[in-house]
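Examination of the molecular architecture
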Amino acid sequence: MKWFKHDSDASNDAKLKKLRLKYGATGYGIYWYCLELIARNVEKHNLTFELEHDSELIADDFKLSSDLVQHIMNFMVELELFENVDGIISCLKRSEEHTSE
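Attention in this report is confined to the structure presented alongside it.

Some thoughts on the overall build of the protein chain
- Helix and strand counts for the protein chain come out as four helices and two strands.
- The N-to-C order of helical and strand elements in the protein chain reads α-α-α-β-β-α.
- Residues classed as buried in the protein chain amount to 35% of the 101 residues present.
- When contacts within the protein chain are restricted to residue pairs at least 6 apart in sequence, those whose partners lie at least 24 apart make up 59%.

Shown next as structure tokens:
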């Protein structure tokens, strides 16, 4: 997937506001980065919408502690921005948007 829809009012979403309230721009940036990582692997033969990177790899990309990134990722799952099934983070909301187009 070379691109995905990004609503111009996404920053007004209550879940994303809660994420920013708790983790600021760092949390918001990590959310969009995770979506980009998921989208870059979506192809006709790969429609899992899973995040292959873990908190350690994402932390290295942002030069943050992996503990902080893990807390942010856990919070995003609590907010239902992502799903965590058996330790695999995914964004099934993206799959619904992709298949409805």
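Describing helix H1 (residues 14-40)
- The end-to-end C-alpha separation of H1 is 26 Å, well short of the 39 Å expected for 27 residues at 1.5 Å each.
- Of all bends in H1, the biggest is about 130°, found at Tyr 23.

Things to note about the environment of Val 69
- Position of Val 69 relative to the elements: it lies in helix H3 (residues 66-78).
- Taking the C-alpha atoms as reference, Val 69 lies 7.7 Å from Glu 56; in sequence the two are 13 residues apart.
- Excluding anything up to four places from it in sequence, Val 69 contacts Ile 30, Ser 55, Ile 58, Ala 59 and Leu 64.

Cut-offs applied
Residues numbered from 1 in each chain as written. Predicted model: local features only at pLDDT ≥ 70, side-chain atom pairs only at ≥ 80, totals over all residues. Heavy atoms only, no water. Helix = DSSP H or I, 4+ residues; strand = E, 2+ residues; numbered from the N terminus. Buried < 20%, exposed > 50% of the residue type's maximum accessible area, 1.4 Å probe, protein only. Contact = heavy atoms within 4.5 Å. Expected span 1.5 Å × (residues − 1). Bend = angle between axes of the 7 residues up to and from the residue.

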